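Read off the chains here:
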Amino acid sequence: MRGMVMALMAGGMLAGCTEGMFAPKTGKTGPGAMVEGGEVEKPGDGVAPKPPASARTVDQFDTTTEAEKQAAAAKPAAAAEKRLGTTIASLGDPTDPGFWAETPLVRVAQSGRLEFPGNGNSVQVELRPSGGPAGSGTRVSLPAFQVLGAPLTGLPELVVFAGPAG
């Protein structure tokens, strides 16, 4: 528990950084983001809202619903996806809501799935290009880590699959 709190505190401190890999991202989806047709996406549109600035615990940072977690845990048809490889995962920005993974295994954002061989759990995510070199590891959202049942403070090995759009 102490390790989890320390990891979340470190993530919270880094969330305020404005340079390097912790710089604010542009072109992301989520509440307040522009969507097709020039409309602004709002909470309740199927996208988890950003956690409150006062968030300190895992439950406060994870703003996804149980229904969203169950939908993300559903496995797509095996024929509809392609195995991209394995990666070492770490916790990504806990203030970035939703199910996503920033990985060097893709060059464009696309749907995909992560599988944790440690227990066989999997989660559907948006695969985002990290821009890092091959083998540099993958940052995974807090809700995705929770659905996988992977240790938040560990560096679990995950299998990455591209979805039908990949």
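Whatever comes next refers back to the structure up there.
Predicted model only: the values in this text are computed from it and were never measured.

Cut-offs and rules
Position labels on residues start from 1 in each chain and follow its written sequence. Under the rules for a predicted model, residues below a pLDDT of 70 receive no local features and side-chain atom pairs below 80 are neither given nor counted, while totals for whole chains, interfaces and linings still include all residues. Heavy atoms throughout the structure, all of them, feed into the side-chain values; hydrogens and water do not. Secondary structure elements follow DSSP: runs of H or I of four or more residues count as helices, runs of E of two or more count as strands, with numbering from the N terminus. Burial classes follow relative accessibility: with a 1.4 Å probe on protein chains only, a residue under 20% of its type's maximum area counts as buried, one over 50% as exposed, and anything between as partly exposed. The contact rule is simple, with two residues in contact once any of their heavy atoms fall within 4.5 Å. For every accessible area listed, the method is Shrake-Rupley and the probe measures 1.4 Å; residues are considered covered only by the protein chains on display. A pair of strands is treated as paired once DSSP finds two or more bridges between them. The convention used is that axes are lines fitted to C-alpha atoms, helices contributing only their stretch in contact, and that angles between N-to-C directions extend from 0 to 180 degrees. Any two of the Phe, Tyr and Trp rings considered here, Trp counted by its six-membered ring, make a pair once their centres fall within 6.5 Å; the pair's planes then place it as stacked at under 30 degrees, edge-to-face at over 60, or tilted in between. Each ring is checked for a lysine NZ or an arginine CZ that lies within 6 Å of its centre and within 35 degrees of its normal; such an atom marks a charge sitting over the ring. Here a polar contact is taken to be a pair of N or O atoms separated by no more than 3.5 Å, where protein atoms must pair a possible hydrogen donor with a possible acceptor and residues adjacent in sequence count only if both atoms sit in side chains. Only buried residues count toward a nonpolar core. Its members are Ala, Val, Leu, Ile, Met, Phe, Trp, Tyr and Cys residues joined through side-chain atoms within 4.5 Å. For salt bridges, the criterion is a side-chain nitrogen of Lys or Arg within 4 Å of an Asp or Glu carboxyl oxygen.

Each helix and strand counted, the protein has four helices and six strands in total. Ordering the α and β elements of the protein from the N terminus gives α-α-α-β-β-β-β-β-α-β. When the 166 residues of the protein are sorted by exposure, 37% land in the buried category. Here the analysis covers contacts within the protein between residues at least 6 apart in sequence; of these, 71% occur between residues at least 24 apart. Working note: accessible area of the protein is about 9,100 Å², and carbon and sulfur atoms make up 57% of it.

Before going further, it helps to examine the pairing of strand 2 (residues 100-103). Of the two faces of strand 2, the one carrying W100 and E102 and the one carrying A101 and T103 are both buried. In the sheet, strand 2 pairs with strand 4 (residues 121-129) via four bridges, with the strands oriented parallel. Looking across to strand 4, one finds that W100 is bridged to E126. In this sheet, strand 5 (residues 138-140) lies alongside strand 2 in antiparallel orientation, the contact comprising two bridges. Bridge pairing in strand 5 links E102 to R139.

Looking now at the environment of T86. Relative to the helices and strands, T86 resides in strand 1 (residues 82-91). Each C-alpha atom of the pair T86 and L105 lies 8.8 Å from the other, and the pair is 19 residues apart in sequence. When residues no more than four places from it in sequence are discounted, the contact partners of T86 are L105, E157, L158 and V159.

Our next topic: the sheet that holds strand 1. In space, the six strands of this closed barrel follow the order 1-5-2-4-3-6, with mixed pairing throughout. Neighbour-to-neighbour, the strand axes of this sheet turn through a mean angle of 40 degrees, independent of strand direction. Bridge analysis of strand 1 against strand 6 (residues 157-162) gives six bridges, and the strand direction is antiparallel. Note that in strand 6 the partner of I88 across the bridge is E157.

This next bit is on the packing of aromatic side chains. For any pair of aromatic rings, geometry is given as the distance between the ring centres together with the angle between the planes. One pass over the full model with this rule turns up zero aromatic pairs. When the ring centre of F161 is taken as origin, the NZ or CZ atom of R113, which lies over that ring, is 4.2 Å away.

Relative to the helices and strands, R113 is located in strand 3 (residues 110-116). For R113, a relative accessible area of 4% translates into the label buried. In this structure the side chain of R113 is engaged in a polar contact, spanning 3.4 Å, whose partner is the side chain of S122.

Ranked by size, the top nonpolar core spans 24 residues in total, and within it L114, V123, V125 and V140 carry the most contacts. Of all the secondary structure elements, the ones that give two or more residues to this core are helix 2 (58-61), strand 1, strand 3, strand 4, helix 4 (142-148) and strand 6. It is helix 4 that contributes the most residues to this core, five residues altogether.

For the structure shown, the criterion picks out five salt bridges. R113 is paired through a salt bridge with E81; the nearest N and O atoms lie 2.6 Å apart. Pair noted here: R113 is in strand 3 and E81 is in the loop between helix 3 (66-73) and strand 1, with a separation of 32 residues, a long-range link. E81 shares its class with R113; the two are buried. The residue R139 makes a salt bridge to E102 at a minimum N-O spacing of 2.9 Å. Here R139 is found in strand 5, whereas its partner E102 is found in strand 2, with 37 residues between them in sequence. Residues participating in the shared-partner salt-bridge network are E81, R113 and E115.

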